[in-house]
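Inside the fold
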Amino acid sequence: MGLFGRRRVSPHQEWAQTIHEAHEILHMAANWRNLIDEASDCPILLTPGEEALLVLHGASLVETRRAPVSYRGGGLGASMSVGGGVRLGMHNFESIPVGGEEQQTVIDRGVFVVTDRRGVFAGVKQVREFDWSKLLSIQFGALTRKALVMYLPVSNRQKVSGIGGDWDTMTDIPVYVQLAVGLFQEGESGLLTRLRAELAQLYAVEPPSTP
């Protein structure tokens, strides 16, 4: 079915999809200790009592890098040699800086682990730790036409680092991070109480079902 032939989704269908996703998140929150077998599947050393929720292989570490600056221009004038191949002279010369803008850059590839205490990227050359107690926000955006990046700014590091991957893989990753942050901030009991309350609120605003 083409783009213009796609069937429109009713408000009730959108609500039903939201309910389905809310139930899935609640199920994950109730069973988060069983999402990963740390003994066989977790590639990093965990601290005592720390539990892993996600292990993402093939993740990219993305950071902003400033492109090199070059100078373009030209001029006329006389010059004289002062030795050692150096020439000194008077010139009418205009130099224009080119480049230097900041760009999203993949600087390493490796594994990204989400636990109830932190996120950890471990690559071939770089390691980054995202302590949930210092997390400022979760920022999600496009890296390329086929890849997404999730930036995790933390207060103890000035440079913002992000985790990138293909579109299909990355769309689910923020759910695990939000779940992990919720467990860290609210505890398991508090998180489950909040999610159940939010689910009840969703049921209370069910839109009418159209034939």
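Residues numbered from 1 in each chain as written. Predicted model: local features only at pLDDT ≥ 70, side-chain atom pairs only at ≥ 80, totals over all residues. Heavy atoms only, no water.

**Some points on helix H4 (residues 173-204)**
The terminal C-alpha atoms of H4, which comprises 32 residues, lie only 28 Å apart, well short of the 46 Å expected from a rise of 1.5 Å per residue. At Gly187, H4 shows its maximal bend, which comes to roughly 110 degrees. Three or more residues of H4 are buried, namely Ile173, Pro174, Val177, Leu179, Ala180, Val181, Gly182, Leu183, Leu191, Leu192, Leu195 and Leu199. (Helix = DSSP H or I, 4+ residues; strand = E, 2+ residues; numbered from the N terminus. Expected span 1.5 Å × (residues − 1). Bend = angle between axes of the 7 residues up to and from the residue. Buried < 20%, exposed > 50% of the residue type's maximum accessible area, 1.4 Å probe, protein only.)

**Regarding the pattern of salt bridges**
Overall, the coordinates contain eight salt bridges when judged by the stated rule. Here Arg118 and Glu50 are joined by a salt bridge, their closest N and O atoms 2.7 Å apart. Taken together, the positions of Arg118 in strand E7 (residues 118-123) and Glu50 in the loop between helix H2 (38-41) and strand E1 (52-66) put the pair 68 residues apart, joining distant regions of the chain. Classification of Glu50 by relative accessible area gives buried; the value is 5%. The partner of Glu63 in a salt bridge is Arg128, with the nearest N and O atoms 2.7 Å apart. (Salt bridge = Lys/Arg side-chain N within 4 Å of Asp/Glu carboxyl O.)

**Digging into helix H1 (residues 11-30)**
With 20 residues, H1 should reach 28 Å at 1.5 Å per residue; the first-to-last C-alpha distance of 29 Å fits that figure. Along H1, the positions that sit buried rather than exposed are His12, Trp15, Ile19, Ala22, Leu26, Met28 and Ala29. Residues of H1 that are buried make contact with H4. (Contact = heavy atoms within 4.5 Å.)

**Thoughts on the pairing of strand E9 (residues 139-142)**
As defined by bridge partners, E9 adjoins strand E10 (residues 147-151) across four bridges and the pair is classed as antiparallel. Along E10, the bridge assignment pairs Phe140 with Met150. Taking the residues that link successive antiparallel strands as the turn, the E9-E10 hairpin has four residues. (Pairing = 2+ DSSP bridges.)

**A few points about the pairing of strand E11 (residues 161-166)**
Look at any regular strand and the pattern is simple: side chains alternate between the two faces of the sheet. Judged by how many residues are buried, E11 sits mostly within the fold: five of six residues are covered. Two elements, E10 and E11, share five bridges in a ladder whose sense is antiparallel. In the strand pairing of E11, Ala147 is matched with Asp166.

**As for the environment of Ser161**
Within the secondary structure, Ser161 sits in strand E11. With 98 residues separating them in the primary sequence, Ser161 and Glu63 have C-alpha atoms 4.9 Å apart. Excluding residues that lie within four positions of it along the chain, Ser161 makes contacts with Leu61, Val62, Glu63, Arg128, Phe130, Met150, Tyr151 and Leu152. A distance of 2.5 Å separates polar atoms of two side chains, one belonging to Ser161 and the other to Glu63. (Polar contact = N/O pair within 3.5 Å; in protein donor to acceptor, adjacent residues only side chain to side chain.)

**Points about the environment of Gln103**
The residue Gln103 is located in strand E6 (residues 102-115) in this model. With relative accessibility at 37%, the residue Gln103 sits in the partly exposed group.

**Digging into the packing of aromatic side chains**
Where two aromatic rings form a pair, the distance of their centres and the angle of their planes describe that pair. Evaluated as defined, the whole model comprises two aromatic pairs. Aromatic side chains Phe112 and Phe130 sit 6.3 Å apart centroid to centroid with 80 degrees between the ring planes, which places their arrangement in the edge-to-face category. Placement of Phe112 in strand E6 and of Phe130 in strand E8 (residues 127-131) is noted, with a sequence separation of 18 residues between them. The two residues Phe112 and Phe130 agree in class, both being buried. (Phe/Tyr/Trp six-rings, centres within 6.5 Å; stacked < 30°, edge-to-face > 60°.)

Interpretation note: all reported values are geometric properties and have no functional meaning in isolation.
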